[in-house]
Every structure is written in C-alpha cells, then in structure tokens.
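What follows is each chain in one-letter form.
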Amino acid sequence: MKIIAVIPARYASTRFPAKLMQDLGGKTVITRTYEAALQTQLFDDVFVVTDSELIFNEVVSNGGKAIMSVKEHESGSDRIAEAVEHLAVDIVVNVQGDEPFIDAASLSKVVEVFRNDPEKKIDLTSLMREITDEAEINNPNNVKVVVDQNGMALYFSRSVIPYPREKNVGVRYFQHIGIYAFRKQALLDFYHLPMKSLEASEKLEQLRYLEFGKRIKMIETKHISFGIDTPEDLEKARKWF
C-alpha cells in the first residue's frame, strides 16, 4: 500500500495573503510544513501542489517535490485530485499548508484505518475532537460532525448538531478537524462529481462525499490543530517555534 502526503498550497488568501511564504524560524511556513510532513516518516512521498510559481520554486529550491496545478480549483480536494490522478498511489493524505505543527500521532491513526480495512469499505478518514464550550459549539466557523456507533460520519454542519432540545441526555459535541486521508478512487470520484445542494448550502466539501454515498471514518483526537490564518497567528507560531 503506497501512502503519500499532499499539501495544497494557494498563494492567495483572503485573510492573510502570501502567508505560506512568511518567515517561521528562518524558513518559510510552507517549507516548515513540508519538512514536518517528511519527519513523521508516515509517507512514501510528500508533495506540495500549488497554483503559485513562487511557492513551487520555494519548495523545489529547498529539495522538496512540488506539482503545479493546471486548473483553477474551488476546494483542496479538487486541487489534490488533479495532482494525483496519474500517480501510482493507494492512499492520499491531505496536510494543510498553513499548519506546520503536525501531530504525527493523529496522522498515524487516520492512516492505520486503511491498513485495517482489507475489504476497502472505508473511503475516507478524518479527525474530530470533543468540544464542551457553548461558544465553540455555537460558532459556525467550527464545523460539527455527528457519527454513528461505529464512528462513521452521518453529517457535518456549521449549525449545532444535534440540536439540544432535550438537556442532560449525554450528548457529546464534536468539532471536525480538516485533516483527511483518502482512497485515491474516492478522491477521483469527488473530482468528477457535481456539487449538490447540501455542499452548496453549508460550503463544506465533505458533504459531497456523503451525498454520493462515500463512507467517512472519524477518529477522535485531543490534539488542537493550529493554523496560520492571520498575522497574529503567525506571531503566535513564531513564539511556539
């Protein structure tokens, strides 16, 4: 089973343009993320896929592997799918380019699901963490997920799910953490399938997988991911580093 990591890396960003090219401890954010993915030793190969010649050259000049996107893409899954369509791989792990502090233990768990699935019943794996703070639960920027008794995703939403009509019944709320591992075929299916109403309404690409019957196994983690979305986040990352 060949497993690779792909880091989608757009140059433009609404909140923080060129954030991936910012300095973090003497190297750019994208280089730090690439090196962190390599250091997990979980992958047979690691690639950055980008729409930017600047990012492409940055990765290659530091000894990394990069792929230029041919088309414009609305989602990270689309960008990754185009990049891996003709690569001989089995499992593709999406590593966020603006999250240089990679949690190797959590990535190992999502990869291990496929090693324990010889019948190939699972199409994707992803992460979730329990949230208990009411403000976090109600925040539409925190995507929530509900799962069945086997940890398979039933639905993702920016709304509060489940709705707490009845209190004190032991409901747990989970925030989705956007790290994915895909079977290559599931990723290519996504790439060629149309956006339907649920995805369009919530603006959540994972709903396309569910709408077309793909099975997503969710893994619980206590790790809190840290993305660099603002200049303030970058300053915090520099202190952490």
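This write-up is about the structure you can find in this document. These figures come from a predicted structure and were not determined experimentally. (Residues numbered from 1 in each chain as written. Predicted model: local features only at pLDDT ≥ 70, side-chain atom pairs only at ≥ 80, totals over all residues. Heavy atoms only, no water.)

**As for helix 3 (residues 76–84)**
Heads up, the condition is: Each residue gets one of three labels from its accessible area relative to the maximum for its type: buried under 20%, exposed over 50%, partly exposed in between, using a 1.4 Å probe on protein chains only. Put simply, DSSP H or I for four residues or longer makes a helix, DSSP E for two residues or longer makes a strand, and each gets a number counted from the N terminus.
The buried count for helix 3 comes to eight of nine residues, which makes it a mostly enclosed element. Listed as buried for helix 3 are Ser 77, Asp 78, Arg 79, Ile 80, Ala 81, Glu 82, Ala 83 and Val 84.

**A short note on the packing of helix 1 (residues 29–39) against helix 2 (residues 53–61)**
Note the following rule: To define axes, lines are fitted to C-alpha atoms, for helices over the stretch in contact only, and angles between the resulting N-to-C directions are given on a 0 to 180 degree scale. Any angle that is under 35 degrees is reported as roughly parallel, and any over 145 degrees as roughly antiparallel; angles of 65 to 115 degrees are reported as roughly perpendicular and all others as oblique. Left-handed is the label given to a crossing in which the near helix is rotated counterclockwise from the far helix by less than a right angle, and right-handed is the label when the rotation is clockwise. By definition, residues are in contact when any of their heavy atoms lie within 4.5 Å. When residues are grouped by polarity, Ala, Val, Leu, Ile, Met, Phe, Trp, Tyr, Cys and Pro land in nonpolar, Asp, Glu, Lys and Arg in charged, and all others, Gly among them, in polar.
Relative orientation of the contacting elements helix 1 and helix 2 amounts to 50°, with a least axis distance of 10 Å. Accordingly, the angle class assigned to the pair helix 1 and helix 2 is oblique. The chirality of how helix 1 crosses helix 2 is right-handed. Only Ile 55, Glu 58 and Val 59 of helix 2 make contact with helix 1, whose side of the interface consists of Ile 30, Thr 31 and Tyr 34. Residues belonging to the contact of helix 1 with helix 2 are distributed by class as follows: four nonpolar, one polar and one charged.

**Quick look at helix 9 (residues 231–240)**
Quick note on the threshold: Throughout, the arc means that of the directions going from the helix axis to the C-beta atoms.
Those residues of helix 9 lying buried are Asp 233, Leu 234 and Ala 237. Down the axis of helix 9, the sector holding all buried residues measures 100°, keeping them to one side. More than 90 degrees from the buried face of helix 9, the exposed residues found are Glu 232 and Lys 239. In the core, the buried residues of helix 9 are packed alongside strand 2 (23–24) and helix 1.

**Digging into the environment of Ala 105**
Along the chain, Ala 105 falls in helix 4 (residues 104–115). Taking C-alpha positions, Ala 105 is 27 Å from Gln 22, a pair spaced 83 residues apart along the chain.

**Points about the pattern of salt bridges**
Pairing between side chains of opposite charge can happen when the charged atoms of each approach one another. Here is the rule we go by: The salt bridge criterion pairs a side-chain nitrogen of Lys or Arg with a carboxyl oxygen of Asp or Glu, the two atoms within 4 Å.
Inspection of every chain in the model, using the stated rule, returns 14 salt bridges. Between Arg 172 and Glu 220 there is a salt bridge, with the nearest N and O atoms lying 2.8 Å from each other. In this pair, Arg 172 is assigned in the loop between strand 9 (153–157) and strand 10 (173–183) and Glu 220 in strand 11 (residues 216–220), connecting sequence segments 48 residues apart. Given the relative accessible area of 40%, Arg 172 is considered partly exposed. You can call Glu 220 partly exposed: its relative accessible area is 32%. Salt bridges here are not isolated pairs; linked through shared partners, they connect Lys 19, Asp 98 and Asp 229.

**What about the nonpolar core?**
Inclusion rule: As used in this record, nonpolar core signifies buried Ala, Val, Leu, Ile, Met, Phe, Trp, Tyr and Cys residues forming a set joined through side-chain atoms within 4.5 Å.
The biggest cluster of nonpolar side chains holds 36 residues, and the ones touching the most others in it are Ile 7, Ile 30, Val 48 and Val 93. Mapped by element, the contributors of at least two residues to this core are strand 1 (3–9), helix 1, strand 4 (45–50), helix 2, strand 6 (91–94), helix 4, strand 10 and helix 9. For this core, the element with the highest residue contribution is helix 4, accounting for five residues. Aside from chain neighbours lying at most four places away, what touches Val 93 is Ile 3, Ile 4, Ala 5, Val 6, Phe 43, Leu 107, Val 111, Tyr 180 and Ala 181. Core analysis: the next-biggest nonpolar cluster, separate from the first, contains 30 residues, Ala 83, Val 84, Val 92 and Met 218 among them.

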